Structure formats: structure tokens, C-alpha cells
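Per-entry structural report
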Amino acid sequence: MGSIIKNKYLILRRISQLSILFLYFAANAYGWKILVGNLSFSKLFNTIPLSDPFAVLQMLFAGAAISADLILGVFVVLFLYGVIGGRAYCSWVCPVNMITDLAAWVRRKTHHEKDNLISTTKTRKFRYAFLVVLLIASAFIGAAAFEFISPIGIFTRGVAFSLGFGWIWLLTIFIFDAFVLKNGWCGHICPVGAMYSLVGSKSLIRVYHNKDNCTACGECLNICPETQVLTPVIDKKSDYINGIECTNCGRCIEVCNDNALNFSIRKYINSKGENNEKTTN
Ligand code: SF4
Ligand code: SF4
């Protein structure tokens, strides 16, 4: 029971990710209308459209006609993740996160941390450049370029229909993350995660670090998939984790034995009338 409470966010995230996959499967297999479509474009209760902003941007660059439903779906998603944290998509919705989390666990167990020298804050910016390249590529080929290689689409379609040879791509990502580059796919390459980082840059729900409780044990830094968002704050100051790549996964909160980290609602103006954001990064 203790470990369930200790890992409550991890368990809730897996329930969330698997439930979403199941609802896509059930829409195809049983005709349920709770969540129909895929993670690029869905309809909730046959009414509320949900559109992945990056997928729609690619379509725009490709010159495709964009329906009103798609645009409305983008606004719904921007509002939702603009409040709860853009990369909450990654840790609570995207199925690929289950693979990359497993790879990160294998990596921790097999002590591959020493070759992280090639993983720096700068290499983590590659995903934003890749996002731009894919938009330009979409314009050139007249189609959404990332959709051809997206492991998110492959995984979601695989559950709803059939995985085919898609498992080879998913296995490649697992091996890459576990044995080549720590948090290689999600933390360095994935343009969808990059897009959601931008979407949630001002989000209200954030992890808060209380320096008074912090014993600098480093457990949070060890588990965090985006360590660069923690390093400016941990053991340095009481502040929100403002780094836009934080996935709001809650793992740092779960591994902290000193109650130094918790989810909180970000206030932009503190009680002294100062801008909280200026105190970070
Ligand atoms: S970074 Fe990409 S693949 Fe990884 S969890 Fe986020 S959207 Fe999914
Ligand atoms: S700071 Fe915490 S919530 Fe954010 S990505 Fe790292 S472990 Fe997850």
C-alpha cells in the first residue's frame, strides 16, 4: 500500500495512458463514441474536437484545407495544456512515454549514466530545430511529414488496428534510449514534445521546490527525464520549476523523501508584487 501511495502519480499516469489507448481501441472494435480518432485528431463524446497543434501546423504548411472542427480542436488543446502544462501530454497521454520510461529504468539499472556526456542542455534543443525542419519538409512534400515516422501514431494505430512492422520502430526507440542516449527520443528528438513544451510555457500547474526542506540528496535529479529544468532550482532556491520541458510527471515529487517538491499553482506575481518568473532560469 505504501508503494502505491508513493508512486501514485506514476500509477495514475499509466491508468490515464492505457485508458486513452483502450478508448481508441473500443471506438474501432465496439463502436464506442467516448474517444474516437487518434492522438492527432480526436472527438470526445462525439462532440468536442481535439487536434494536435503540431499535426495541424504541418497540414497548414502542406497546403491542406483545414476544417473549422480542426481549428476548434486546436484551441481546445491549447487551452487545456496551456493550463495543466504542455508536456503533461507526454507523461499523462502519449503512449510512447511508457516505452521511454521503461528504457530510462533499464538505463538506470544497467548504469549507463557515464556516457551521458553527449547529452547536454544544448543537444536537448535539437528537437526544436527538428520541428522546424519537419514543417519545411511538410511544405515540400505536400503532406504532414512527421506522420510518416511518428511513433505516437504507430503506437496508437497499432493498438486500434494492427502494429504490423511498427514494433521495429518502437523497439529502436527503446534501444536508443536504454543504451545510446539517456532520454534520447523524448528529451532530444520528438517534435511533438517540443511543440507541447511551447504550448505549456506559461501553464498554471507547476512543480514547486521548497528549499527549506531540500537535503540535496539528488534523488529528483536522478529520476527526472528533463534534468535541466531542475538544476537551476534544486538546493538553490524556493521556486517553481519553470523550465518549459518539465513534463509534470510528478516523479521528482514521488522520489523526494523530504517533501521538498509538490505540485502547485504558479503565481506570476508574488506577495511583494515581484514577477516570480524573473527569479528563475
Ligand atoms: S516527447 Fe514525444 S514521444 Fe515522448 S512522450 Fe512526448 S509526445 Fe510522446
Ligand atoms: S521536474 Fe519533476 S515533474 Fe518535471 S519532468 Fe522532472 S521529474 Fe517530472
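Residues numbered from 1 in each chain as written. Chains lettered and ligands numbered in written order. Predicted model: local features only at pLDDT ≥ 70, side-chain atom pairs only at ≥ 80, totals over all residues. Heavy atoms only, no water.

- Naming follows an unreviewed UniProt entry, where the protein appears as Periplasmic nitrate reductase, NapH subunit of Nautilia profundicola.

Notes on the environment of Val-199
- Mapped onto the fold, Val-199 is located in helix α11 (residues 191-199).
- Residue class for Val-199 comes out buried when judged on its relative accessible area of 17%.
- Separated by 112 residues in sequence, Val-199 and Arg-87 have C-alpha atoms that sit 8.3 Å apart.
- Ignoring sequence-local partners within four residues, the contact set of Val-199 consists of Pro-53, Leu-78, Tyr-81 and Gly-82. (Helix = DSSP H or I, 4+ residues; strand = E, 2+ residues; numbered from the N terminus. Buried < 20%, exposed > 50% of the residue type's maximum accessible area, 1.4 Å probe, protein only. Contact = heavy atoms within 4.5 Å.)

Quick notes on the site of ligand 2
- Neighbouring ligand 2 are Val-207, Cys-224, Pro-225, Val-229, Leu-230, Cys-246, Thr-247, Asn-248, Cys-249, Gly-250 and Cys-252.
- Its residues placed into classes, the shell around ligand 2 shows eight nonpolar, three polar and no charged. (Near = heavy atom within 4 Å. Nonpolar A, V, L, I, M, F, W, Y, C, P; charged D, E, K, R; others polar.)

Comments concerning the site of ligand 1
- What surrounds ligand 1 is the set Arg-87, Tyr-89, Cys-90, Cys-94, Val-96, Asn-97, Ile-152, Trp-185, Cys-186, Cys-190, Val-192 and Gly-193.
- When contributions to the shell around ligand 1 are tallied by element, the ones reaching two or more residues are α5 (88-93), α6 (96-109), α10 (184-189) and α11.
- Of the residues that constitute the shell around ligand 1, the class distribution is nine nonpolar, two polar and one charged.

Here's the deal with the packing of helix α8 (residues 151-160) against helix α9 (residues 166-180)
- Taken N-terminus to C-terminus, the directions of α8 and α9 make an angle of 130°; their axes are 10 Å apart at the nearest point. In terms of axis orientation, α8 runs oblique to α9. Two packed elements cross with a definite hand, and for α8 against α9 that hand is left-handed. For the pair α8 and α9, the contacting residues are Pro-151, Ile-154 and Phe-155 in the first and Gly-166, Trp-169, Leu-170 and Ile-173 in the second. (Axes fitted to C-alpha atoms, helices over the stretch in contact; angles between N-to-C directions. Parallel < 35°, antiparallel > 145°, perpendicular 65-115°, else oblique. Left-handed = near helix turned anticlockwise from the far one by under 90°.)

Observations regarding the environment of Val-106
- Looking at where Val-106 falls in the secondary structure, it is placed in helix α6.
- The residues contacting Val-106, other than those within four sequence positions of it, are Phe-174, Ala-178 and Phe-179.

Things to note about the packing of aromatic side chains
- Scanning the model with the defined rule gives 13 aromatic pairs in all.
- Here the aromatic rings of Tyr-30 and Trp-32 are separated by 5.9 Å at their centres, their planes lie at 45°, and the arrangement is tilted.
- On the basis of relative accessible area, Tyr-30 is assigned to the exposed category, the value being 51%.
- With a centroid separation of 4.3 Å and 10° between ring planes, the pair formed by Tyr-89 and Tyr-196 is classed as stacked. One end of the pair, Tyr-89, is in helix α5; the other, Tyr-196, is in helix α11, and 107 residues separate them in sequence.
- Residue class for Tyr-89 comes out buried when judged on its relative accessible area of 4%. (Phe/Tyr/Trp six-rings, centres within 6.5 Å; stacked < 30°, edge-to-face > 60°.)

Side note on the UniProt feature "transmembrane region" (unreviewed entry) in the protein
- The positions that UniProt labels "transmembrane region" (unreviewed entry) are, in the present scheme, residues 55-81, 126-146 and 158-181.
- What you have in residues 55-81 is 81% helix and 0% strand, and the ends, taken at the C-alpha atoms, are 16 Å apart.
- For residues 158-181, helix accounts for 75% and strand for 0%, while the C-alpha atoms at its two ends are 26 Å apart. (UniProt positions renumbered as here; feature names shortened; annotations may be inferred.)

Thoughts on helix α7 (residues 126-141)
- Here α7 contains 16 residues, and its C-alpha end-to-end distance of 22 Å stays within 8% of the 22 Å for a straight helix at 1.5 Å per residue.
- Buried within α7 we find Arg-127, Tyr-128, Phe-130, Leu-131, Leu-134, Leu-135 and Ser-138. Around the axis of α7, the buried residues are gathered within 160° of arc, so they sit on the same side.
- On its buried face, α7 is in contact with α3 (53-62), α10 and α11.
- Looking one or two places after α7, you find Gly-142, whose phi comes out positive at around 70°. (Expected span 1.5 Å × (residues − 1). Arc of directions from axis to C-beta.)

Brief notes about the sheet that holds strand β5 (residues 239-240)
- Here three strands make up an open sheet; going across it, the order is β5-β4-β6 and the pairing antiparallel. A strand with exactly one partner marks an edge of an open sheet, and here the two such strands are β5 and β6 (261-265).
- Where strand β4 (residues 205-209) and β6 come together, five bridges link them in antiparallel fashion. For Arg-206, the partnering residue across the bridge sits in β6 and is Ser-264. (Pairing = 2+ DSSP bridges.)

So, the side chain of His-188
- With respect to the secondary-structure elements, His-188 resides in helix α10.
- Residue class for His-188 comes out buried when judged on its relative accessible area of 3%.
- One polar contact links the side chain of His-188 to the main-chain carbonyl oxygen of Asn-183, over a distance of 3.0 Å. (Polar contact = N/O pair within 3.5 Å; in protein donor to acceptor, adjacent residues only side chain to side chain.)

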